[in-house]
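In case you want the letters, here they are:
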Amino acid sequence: MTGTKFGCGKGLCGACTIHLNGIETRSCQTPIDFLEEGDEITTIEGLSKNGKMHQMQESFKKHHGLQCGFCTPGMVMSAIDLLNHKKNPSDKEIRD
Ligand code: FES
């Protein structure tokens, strides 16, 4: 799998973002011994179902939400987490 990237290694850039038990998590800041049996890890590769991209991936594609693409998987994972916790975020909350 190539979606999750190692960027800064300091928890700042978000390129390594995954979902751990459904919560946005910086994988570079998550030691393997922090995990427990049965924990659920979802990477960008795990979002598509039956060959169809997740709605957030489709939205990024439709609205050209890409630059070089290196951090895009992390941004998609973060955006999903944001909407899972706040249905109508403000522009500031989205930027943050
Ligand atoms: Fe930058 Fe993890 S690699 S936040």
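Residues numbered from 1 in each chain as written. Predicted model: local features only at pLDDT ≥ 70, side-chain atom pairs only at ≥ 80, totals over all residues. Heavy atoms only, no water.

Caption draft 1: A look at the environment of T42. Mapped onto the secondary structure, T42 falls in strand β3 (residues 41-42). When the C-alpha positions of T42 and N84 are compared, they lie 15 Å apart, and in sequence the two are 42 residues distant. Among all residues touching T42, those that are not within four sequence positions of it are I18, H19, L47 and M77. (Helix = DSSP H or I, 4+ residues; strand = E, 2+ residues; numbered from the N terminus. Contact = heavy atoms within 4.5 Å.)

Caption draft 2: Layout of helix α2 (residues 72-85). In this model, α2 (14 residues) spans 20 Å end to end at C-alpha, consistent with the 20 Å of a helix rising 1.5 Å per residue. Inspection of α2 places T72, P73, G74, V76, M77, A79, I80 and D81 among the buried residues, and these make up the whole buried set. Turning to α2, the residues buried within the fold contact β1 (17-20), β2 (23-26), β3 and α1 (55-62). (Expected span 1.5 Å × (residues − 1). Buried < 20%, exposed > 50% of the residue type's maximum accessible area, 1.4 Å probe, protein only.)

Caption draft 3: How the structure looks around the layout of surface pockets. Here the largest pocket is characterised by a volume of approximately 510 Å³. Considering the residues around the largest pocket, the lining is formed by 22 residues, among which M75, S78, A79, L82 and I94 are closest to the centre. Those elements giving two or more residues to the lining of the largest pocket turn out to be β2, α2 and α3 (91-95). For the lining of the largest pocket, the element with the most residues is α2, which contributes 7 residues. Partitioning the lining of the largest pocket into residue classes produces 11 nonpolar, 4 polar and 7 charged. (1 Å grid on protein atoms, 1.4 Å probe; cavity = no way out; pocket = protein on both sides within 12 Å on 5 of 7 lines; lining within 4 Å. Points joined across faces, edges and corners; volume = space filled by probe spheres on them. Nonpolar A, V, L, I, M, F, W, Y, C, P; charged D, E, K, R; others polar.)

Caption draft 4: Just the environment of D91, in detail. Tracing the sequence through the fold places D91 in helix α3. C-alpha separation for the pair D91 and G14, spaced 77 residues apart in sequence, amounts to 19 Å.

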